[in-house]
Amino acid sequence: MDKLLFTPGPLTTSMTVKEAMLHDLGSRDLSFIKAVREIRKELLALGHVSQDTGYETVIMQGSGTFGVESVISSVVPESGKLLVLINGAYGERIAKIASVHKIPYHTLVCDEDQTPDPQETEELLTDGSFTHMVIVHCETTSGIFNPIDAFGELAEKYGVTYIVDSMSAFGAVPVDIAACHIDFLVSSSNKCIEGVPGFSFVIAQRDSLIKCKDQADTLVLDLYAQWIGLENDGQFRFTPPTHALLAFRQALRELAEEGGVSARADRYRGNFNTLAEGMSVLGFKEYLSRDKQGYIINSYHYPEHAAFDFKAFYNKLNDRGFIIYPGKLTKANCFRVGNIGRLYTKDVQALLQAITEVKSEMGF
Ligand SMILES: *Cc1c(COP(=O)(O)O)cnc(C)c1O
């Protein structure tokens, strides 16, 4: 049996999702084009929008960051200015993308255990120079949930285009894209929808997308050109990840069978609660305060004990079939445990049992 992945992705997927890849489809095959159409439509529905209400899905080859880079490099014009709200490594990465593409930007950085301050954000927006604003939904660095609805209100009030990196939240955290005033939402195949890695997708407000024509300073990541390609003949401009798309269609069907986004949220929340309770009994301290903690991934401080060594801890869990994740925080030594993917309460209980064994073996 494969090891269980308690990580932010790639994640443990169902056998049926893996089996969906046992077909070689040509990229011009009608059944493949139909699958892509079904995926693009279903993704809009997950965000409570549709083509009829003015939204489009653009699928982009590559991992999640390719989708983010596609949006940032296609959406912000030379004459624009991007406000990047940052409380973790993924926000920092967006600023890096803007810098690489020489896009004018400004960062509002806050501590990794805090959400960006709406008042400070509003003060920056009142100066009128910003045309675009971007925030990470679940900042996977810590697991914190940022209030994308409140920042959407600000984007709407000041007329700025609103971009959300919802990579590790979309599919498991309910979001109404129109109600949150989101112009571009980015997520990927291998996070909460429980597909395999291979592509990212962007849900875009059509009028905002049309403004991106001929604006990208990249060929492969040109969001508008990718959309036009998909619209014209249902095909990708460059070789699509056919197998990953078939797996993803199956994953979307399984998400619907489970009861949709709210049911998936319930399962992940169940995993989170089981983990949080068990880890607390074992004496591990959470990095985030409970009111800021999301249910996607948890960060735990390294135990303050000479016998604790993360590498050894990680390897011993790995030997028992459980993969956890190192920390990425700048100011605290933490490790992370994901609650997402095809994992159930019984799997979390098995992980907790393994942690109990490893803890006593290591003697911390
Ligand atoms: C996973 C993730 C990404 C994308 O990472 P890739 O390694 O490129 O797939 C971007 N933002 C957030 C918040 C993520 O969790």
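Caption draft 1: Seen up close, the pairing of strand β4 (residues 105-109). Looking at chain direction, strand β3 (residues 82-86) and β4 are connected through 5 bridges and run parallel. In the strand pairing of β4, L83 is matched with H106. Tracing the backbone out of β3, into helix α4 (residues 89-100) and back to the parallel element β4 gives a crossover that is right-handed.

Caption draft 2: Examining the domain arrangement of the protein more closely. Domain boundaries in the protein define domain 1 (23-257) and domain 2 (259-362). The partner domain 2 presents 25 residues to the 28 residues of domain 1 that form the contact. The interface formed by domain 1 and domain 2 holds 4 salt bridges in total. A salt bridge links R264 to E194, with the nearest nitrogen and oxygen atoms 3.7 Å apart. Taken together, the links from domain 1 to domain 2 amount to 19 residue pairs in polar contact (both at pLDDT 80 or more). Sorting the residues of the side of domain 1 that touches domain 2 by element identifies α4, β7 (144-145) and α9 (242-258) as the ones contributing at least two each. At 4 residues, α9 tops the list of elements feeding residues into the side of domain 1 that touches domain 2. Class assignment for the residues of the side of domain 1 that touches domain 2 results in 13 nonpolar, 8 polar and 7 charged.

Scoring rules and cut-offs
Residues numbered from 1 in each chain as written. Predicted model: local features only at pLDDT ≥ 70, side-chain atom pairs only at ≥ 80, totals over all residues. Heavy atoms only, no water. Pairing = 2+ DSSP bridges. Helix = DSSP H or I, 4+ residues; strand = E, 2+ residues; numbered from the N terminus. Right-handed = clockwise from strand over helix to strand, strands pointing away. Domains from an automatic or database assignment. Contact = heavy atoms within 4.5 Å. Salt bridge = Lys/Arg side-chain N within 4 Å of Asp/Glu carboxyl O. Polar contact = N/O pair within 3.5 Å; in protein donor to acceptor, adjacent residues only side chain to side chain. Nonpolar A, V, L, I, M, F, W, Y, C, P; charged D, E, K, R; others polar.

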